[in-house]
Amino acid sequence: MYLCDMYVIGQVAPFLYFHNLLLVSKMEKSEKNFLKVVLCVFVISMQTAVSGQEFSEDIDRYLDSLVSLLPHMPDDVAKLKVLDEISKEHYNVDSTFKYAAIELRIADSLGVDLYVASANKYLGWCYLQIDKYEKSLDCYMMSRHIYDSLSEKNGLAASYFGMGRAYSASNDDIKADDCYLKAVSLYESLNRFESVTDIYRKLVLVRVEYHLYETISEYIDKAFAYDIQSGDSSALCEDYFIRGWSLYKQYKDFDNPELLHSAKDEMRRGFEIEKNYNYIYSLYWMVNELMFVYHDLAKIQSGDERALSMDSSRYFYRYADSILDLCSMDPQKIYLRIWDADEFTLKGEIDKALDILDKIESQPGLTWENKYYLYESKEWAYESISDFANAYKYTKL
């Protein structure tokens, strides 16, 4: 095959182009090594561009190829580029940590600040995945400082975003909010709209937790505008659902039935899109919340309307249960048991409801969210039998 032929193939299929270049017998070994790097990097860059295919095994194979090339790199600067690609594309904490740490050591010794920042950014992500938030913040702050000094906006935005996630995970939502706003401003200036919408959704989550509802409509509307423009259906389903979830939380605060009905409509729109993608963890969050939304609707309804809402709640109960069984997420079944208790309360069988709730309350390690739903159900059960003293105790909690 002639080089001109391979160029034509390259115009149609770059993968074949690079692969066939490697077959040219007169090419020097060093040149072939370089082309192997190009080929690996190209394949890695296609990871997110190819949809509906089982691509992870190919990515792992080419990442292994990159790793095998490291000893043959002509100098440490060349190694840094390969190490950076490996760290960026590995979504395995152990592997990312290993190669990012090597990248940091080499970059630090050579004084190559851009790669020092990049390595710290990846290490920050690793620490975030294993719940070491202080170390994660240290790494992200280091990368932020260097990217700022280099006027490298992409890296600076990613660092602020990582800091926001770390602050949010450590329940410092005020600082998380500040970091998210800085990240979104930078991403907007770079026209990185896919990152912008993700941050707007996270800002809504932070604001709702603090009952700061004034600005969330603005953030959700901006996310919708960007996602409608991009035609990203998966992102739109998140927009619908988060809008519904924020309305549901407002209903909890203001006890306005119109908010509950609107929440249900928005969340159903999100669910109908998301179930086609079947992203298990986000789908579980949706069906779990919808289970409680319909249950709350049943509490304020009667007759056929109540029966329909209970049927819908049971449907999402079964859906959630099947996801938990599939993913072995047994701790999350607390919410289903709370639902069981609410079902007994609706039937007037308060002793059975309180028995379930008392057993849940005695469990160690309950999260604040577990307790929120638990205490709300206990309050409702006691109110149902006019035991307002106990109901008030759980209202205060």
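What you see is a predicted model; the values in this text were computed from it and never measured.

(A) Representation of the confidence of the model for the protein chain in the model. Here the protein chain averages 79 in pLDDT, while 75% of its residues score no lower than 70. Mean pLDDT across the secondary structure elements of the protein chain bottoms out at helix H1 (residues 3–12), with 33, and peaks at helix H8 (residues 133–150), with 96. A low-confidence stretch, residues 1–32 stays under pLDDT 50, and its non-local contacts, those more than four residues away or across chains, total 34 contacts. Here residues 34–59 is modelled with pLDDT under 50, and outside its nearest four sequence neighbours on either side it reaches 37 contacts, counting other chains as well.

(B) View of the pattern of salt bridges. Taken as a whole and judged by the stated rule, the model has 23 salt bridges. Lys175 is the partner of Asp172 in a salt bridge, and the nearest nitrogen-oxygen pair spans 3.9 Å. What makes Asp172 partly exposed here is its relative accessible area of 25%. With its nearest N and O atoms 3.3 Å apart, the salt bridge here joins Glu218 to Lys222. Here the residue Glu218 and the residue Lys222 both occupy positions in helix H12 (residues 216–230), the gap between them amounting to four residues, near one helical turn. Take Glu218: its relative accessible area is 41%, and that puts it in the partly exposed class. Judged by relative accessible area, which is 32%, Lys222 ranks as partly exposed.

(C) Examining the nonpolar core more closely. Among the nonpolar cores identified, the biggest contains 50 residues, and Val287 and Ile338 are the most heavily contacted of them. For this core, the elements supplying multiple residues, two or more each, are helix H13 (233–254), helix H14 (257–277), helix H15 (280–299), helix H16 (303–327), helix H17 (334–347), helix H18 (350–361), helix H19 (368–384) and helix H20 (388–396). A total of eleven residues in this core trace back to one element, the largest contributor, which is H15. Counting residues in each nonpolar core, the second largest holds 43 residues, with Tyr115, Ala166, Ala176 and Ala223 among its members.

About the cut-offs
Residues numbered from 1 in each chain as written. Predicted model: local features only at pLDDT ≥ 70, side-chain atom pairs only at ≥ 80, totals over all residues. Heavy atoms only, no water. pLDDT = per-residue confidence, 0-100. Helix = DSSP H or I, 4+ residues; strand = E, 2+ residues; numbered from the N terminus. Contact = heavy atoms within 4.5 Å. Salt bridge = Lys/Arg side-chain N within 4 Å of Asp/Glu carboxyl O. Buried < 20%, exposed > 50% of the residue type's maximum accessible area, 1.4 Å probe, protein only. Core = buried A, V, L, I, M, F, W, Y, C linked by side-chain atoms within 4.5 Å.

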